[in-house]
Every structure is written in structure tokens, then in C-alpha cells.
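What the coordinates show
Here is what each chain is made of, one letter per residue.
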Amino acid sequence: MKKILTLLSVAVLCSIVAKAQDPSALATSSAVSETQNVQGEVIEYPSEVLTKSMTASLAKSGRALGVINSDGSIYIIGEATSARPSNMPGFIRSKNVAYNIAEMQAKMRLLQMAGEQITSGRGYQLLQDIIEGEDPDAAQTAQEMKDAIDKKETGRQDFKQNISTLVTGMMQGCAVVRMAEGEMGQDDYQVAVCVKYSPEFQSMASLMKAGGLGQVPTGAAKASREKVMNTPESDLVYKMGSWVTYDENGNMVVYGYGQEEVRETGSRASAAISVASSKARLYAVNNVKNFVAEDMICNEIIDDVEKFREYSDGSQAYFSRSKFQQAVEAKSTTLNIATQNVRTWRAIHPVSGTTVVGSIVCWTFENAAAARQLRQQIDNNSRTVSGSGAGAPRQQTTKGAIVITGDDDDL
């Protein structure tokens, strides 16, 4: 009886094992079904969102991204990721750096469309060396022969490839037309920029470079100044670079946007805001200058190496390296540009919670003419000022009252 029960137990156990090993049973198991239902999350990055948005907008007028359109315009997108996470101090400054990298990358891609100097080379080595028996003429010691037999290279495959590109050029008349940025999680904040080049923009850049001496490009009249003044601060935190539009008279104008993070120190907050405002204005002016002209050098290098070895003892060795280097540099240049302060704003960045101070400046044809006249007056005044002789020793000043002069009628 006991023997019969033992045989029945073994039969049931074998049946269970066979069912578990059955591929069809495994395929329908709950564990496998759960695994099959898990799908990787596809994250849509700002650069991809911007690409879709620009593609749809340009298609309405028969234009496209990354090509020379029939009207001579070119639209290119560049992207970069901030080095500083959005929840740490210094994020706004790092975001500004990411914007600059993205803009320079877009300009590099635009230059590449005009032709690039490419240098490349590649090669490989293949070896198979199989030995059987002992060479009677080999002058080796017994130990050397043993080592050679234990591990000798019997096969080899090596590959290497080098690609290098170089583009240079003076970029004139490139402005931002649309931006996208956002936090993707895992300390991944991306900034994407779409820049536009057109013959009209280049004409405007040449006019600005000449100090406004020439004919300003014209287009459809827009209330651009009113729009800039009424833009909510919550929208301005996402706007940087140089933007081109038209004024109420149909004359082309260039706006420069800059911003800077206010470092909270607990004291002298007004001084921190003042410094941030000055830096934001300088960034804005520099963005206008970059629209006028940037002498750029762009270089990309790829080095690929793969090595494979087989040995007489059956072991193998593998090595692979892929190196990519991208360098974009705008040479230091000097331009005399007269900009006009339009607006200074302050807001809290919605992602980082950091206080941001921004500045908006613009270049207009009328302001350039007024600036030339002001410069002539200043130069004339400086030539008429005479020097004063040395007098009695100066005494240290003492505190006095604060006096405000001037009437509203004089404004």
C-alpha cells in the first residue's frame, strides 16, 4: 500500500513539473502576462514638441524646417540640457547657459547647410593564427612553450574610424522665433530654440551694423511695443534671445530678452535685485548684438574603435570606444549698438521657485538716429570742457539731506 502511494505521488509531481515546463502554459501564466503588459514610457522632450509645433505652423505657408524655403528663409532647431537641476540654486543661470548652447547649436546646423569641410578615414585588421604541434626549430624553453600553448592569440579583429567636420562663417540676421523648455524629471531640464534666418533679417543686421544708416526693412504694422509691455511676467520667464517683429509703422525692430537669478542672501535683497537687473540688461543687449553678427567656428569629431581577440585557451577579449566631440565658438567681436530699455520685470520661476529679474531692450531705426545725435552732442561737450587747477586740500564730506528736483511737466 505504501509503495502504491509513493508511485502515485511521483506521478502527480511529474505531471506538475511537465505542466510548468510546457511553453504554452508558461505563455499564459499570470507572471508572463503581467510582464507583457508593462510598456516603457516614451517621454516627449521639448525639442520634439517644438519640432511638431514649428512643422505644423510652417506648413500653413508652404515652408518647412531644416530646408532653404522658396522665400530664402531657413528655420533650424537646437537643444541643450541645463547642468544644474531645477530644484537647486543656480538653476536660472544654468538654464541661460543651456539656451546659449541651444542657439549656437542651431546656428552651427544652419552653417552646415551651406557646406562643411569633412575629413574621414577608416580601416580594419583581421588575423587568424592556428598552430598544431610543436615547431622543432623554435628555440624556446619548456616554460615559454607551455605559456605559448596555454594562451596564444589565435584570432584578431580591429576596426577604427575617424570623422571630422569643420564649418566657419559670419552669421548675420539669425533670431529666435519660438522656444520650448521643461522639466522631464530625473534632473533633466531641456531648452529648445528655433532660430530663423532670412534675407530681410540679414538686411536688418547690416543696417544695425552701420549704425542705422540705410533703409530699414518694412512689413505688416504691428503693435509690438504694446504687446511686449502687456506680456505677463509668467510668460517672460520662458523668453530669451533676440526676437524680430515690426512696429506700428511697419518698420522692423529687434527685441533683446535677458534674465538673471536673484541669489537670496537674507540681507541686502535690494542690492541683489539691482545686480541681477544690470546683468539681465547686459544679457539682453548682447542677444541683440548676436543677431547683428557672430563669427563662428564649429567642429565635430567622431572616433570609433573596436577590438576583438581570441586565444588558444578558448578565452576572448573585447574592447569598444566611441568618442564624440562638438565645439562651437563665436569669436570675440566688437560692435557699437544703441539699444533702448523697454521693460524690467521680476517674477518667480514656476518650476524652481527662484526669483528671476528680466530685462527687455530693443533696437529701432528712430532710436538709432536719436542715439547718433546724442553721441555728437556728448562728443562736442567733452571737447569744450576745460580742466581745473589744483585748489585747497579737500575736506571729508558729511551727511546731508536727500533732495529731489524736477517736475512732471519736464518729463
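Summarised in this report is the structure supplied together with it.

Here we come to the overall build of the protein. In terms of regular secondary structure, the protein is built from eleven helices and eleven strands. When burial is assessed residue by residue, the protein has 32% of its 411 residues classed as buried. In the protein, 73% of the contacts between residues at least 6 apart in sequence involve partners at least 24 apart. Accessible surface, the protein: about 26,000 Å² in total, of which carbon and sulfur atoms supply 52%.

A word on the sheet that holds strand β3 (residues 153–171). Judged by pairing direction, the sheet is antiparallel, and its four strands sit side by side in the order β2-β3-β8-β9 without closing on themselves. The open sheet is flanked by β2 (117–128) and β9 (316–330), the only strands paired with a single partner. Adjacent strand axes in the sheet meet at a mean angle of 5°, parallel and antiparallel pairs treated alike.

This part takes up the pattern of salt bridges. Under the criterion given, the structure shown has 15 salt bridges. Close ionic contact of Arg 63 with Asp 71 constitutes a salt bridge, the shortest N to O distance being 3.6 Å. Judged by its relative accessible area of 24%, Arg 63 is partly exposed. The shortest N-O distance in the salt bridge between Asp 295 and Lys 331 comes to 3.9 Å. In this pair, Asp 295 is assigned in strand β8 (residues 294–311) and Lys 331 in the loop between β9 and β10 (340–348), connecting sequence segments 36 residues apart.

Our next topic: unusual backbone geometry. The backbone of Gln 186 shows a phi angle near 55°, a positive value even though the residue is not glycine. With relative accessibility at 80%, the residue Gln 186 sits in the exposed group. For Asp 187, which is not a glycine, the phi torsion comes out positive at approximately 55°. Considering the arrangement of structural elements, one finds Asp 187 in the loop between β4 (174–183) and β5 (189–197).

The contact between helix α7 (residues 199–209) and helix α10 (residues 269–292) brings their axes to 8 Å, and the two run at 115°. Overall, the two elements α7 and α10 adopt an arrangement that is roughly perpendicular. Where α7 approaches α10, its residues Phe 201, Met 204, Ala 205, Met 208 and Lys 209 are matched on the opposing element by Val 288, Phe 291 and Val 292. A breakdown of the residues in the contact of α7 with α10 according to their chemical character gives seven nonpolar, no polar and one charged.

Moving on, we come to the packing of aromatic side chains. Throughout the structure, instances matching the rule amount to three aromatic pairs. Summarising the aromatic geometry, the rings of Phe 91 and Tyr 189 are spaced 4.8 Å apart at their centres and angled 80° between planes, so their arrangement reads as edge-to-face. Within this pair, whereas Phe 91 is found in helix α5 (residues 91–113), its partner Tyr 189 is found in strand β5, the two being separated by 98 residues in sequence. For the pair Phe 91 and Tyr 189, a shared accessibility class is recorded, and that class is buried. Between Trp 243 and Tyr 257, the aromatic rings sit 6.4 Å apart at their centres with planes inclined by 75°, giving edge-to-face as the arrangement.

Moving on to the environment of Met 113. In this fold, Met 113 is placed in helix α5. Taking the C-alpha atoms as reference points, Met 113 and Val 67, 46 residues apart in sequence, are found 8.2 Å from one another. When neighbours within four sequence positions are excluded, Met 113 is seen to be in contact with Gly 66, Val 67, Ile 68, Ile 74 and Ile 76.

Of note, Ser 86 is situated in the loop between β1 (74–81) and α5. Given a relative accessible area of 9%, Ser 86 falls into the buried group. Side chain to side chain, Ser 86 and Glu 183 meet in a polar contact 2.7 Å long. If we ignore the near neighbours within four places in the chain, the residues touching Ser 86 are Phe 91, Glu 183, Tyr 189, Val 351 and Ser 352.

Right, let's get into the pairing of strand β7 (residues 252–261). The element β7 is largely enclosed, with a buried count of ten among its ten residues. Alternating residues of β7 divide into Met 252, Val 254, Gly 256, Gly 258 and Glu 260 and Val 253, Tyr 255, Tyr 257, Gln 259 and Glu 261, and every residue in both groups is buried. Two strands pair when backbone bridges link them, and strand β6 (residues 241–246) and β7 are joined in this way by six bridges, in the antiparallel orientation. What sits directly across from Trp 243, in β7, is Tyr 255. From the end of β6 to the start of β7, which pair antiparallel, there are five residues, and Gly 250 there has a positive phi angle of about 85°. As paired elements, β7 and strand β11 (residues 355–363) share eight bridges and run antiparallel to each other. Paired with Glu 261 across the strands is Val 356, a residue of β11.

This part takes up the environment of Arg 178. As for its position among the elements, Arg 178 is in strand β4. You can call Arg 178 partly exposed: its relative accessible area is 29%. Residues Arg 178 and Leu 50, spaced 128 residues apart in sequence, show a C-alpha to C-alpha distance of 7.8 Å. What Arg 178 contacts, discounting residues up to four positions off in sequence, is Leu 50, Ser 53, Met 54, Ser 57, Ala 192, Val 193, Cys 194 and Trp 243. A distance of 3.0 Å separates a polar atom in the side chain of Arg 178 from a polar atom in the side chain of Ser 57.

Basis of the calculations
- In every chain, residue numbers begin from 1 and rise along the written sequence.
- Note on the predicted model: pLDDT of at least 70 is required for a residue's local features to be given, and 80 or more for side-chain atom pairs to be given and counted; whole-chain, interface and lining totals, by contrast, use all residues.
- Computation of side-chain values covers all heavy atoms of the structure but excludes hydrogens and water.
- Starting at the N terminus, helices and strands are each numbered in turn, a helix being any DSSP run of H or I of at least four residues and a strand any DSSP run of E of at least two.
- Buried means the residue's accessible area, taken with a 1.4 Å probe over protein chains only, is under 20% of the maximum for its type, while exposed means over 50%, and partly exposed covers the values in between.
- Pairs of residues are marked as contacts when any of their non-hydrogen atoms sit within 4.5 Å.
- In short, Shrake-Rupley with a 1.4 Å probe defines the accessible areas, and a residue's cover is counted only from the protein chains shown.
- Two strands pair under a simple rule: DSSP has to find at least two bridges between them.
- Axis lines are fitted through C-alpha atoms, for helices just across the contact stretch, and the angle between N-to-C directions can take any value from 0 to 180 degrees.
- Think of a salt bridge as a Lys or Arg side-chain nitrogen and an Asp or Glu carboxyl oxygen that are within 4 Å of each other.
- We call two directions roughly parallel when the angle between them is under 35 degrees, roughly antiparallel when it is over 145, roughly perpendicular when it lies between 65 and 115, and oblique otherwise.
- Side-chain classes are defined by residue name, with Ala, Val, Leu, Ile, Met, Phe, Trp, Tyr, Cys and Pro counting as nonpolar, Asp, Glu, Lys and Arg as charged, and the others, Gly among them, as polar.
- Two rings belonging to Phe, Tyr or Trp (six-membered ring only in the last case) form a pair when the distance between their centres is within 6.5 Å. Interplanar angles under 30 degrees mark stacking, angles over 60 mark edge-to-face geometry, and anything in between is tilted.
- Polar contact criterion, stated in full: a pair of N or O atoms within 3.5 Å, where within protein one must be able to donate a hydrogen and the other to accept it, and residues adjacent in sequence count only if both atoms are side-chain atoms.

These figures come from the coordinates and say nothing about function on their own.
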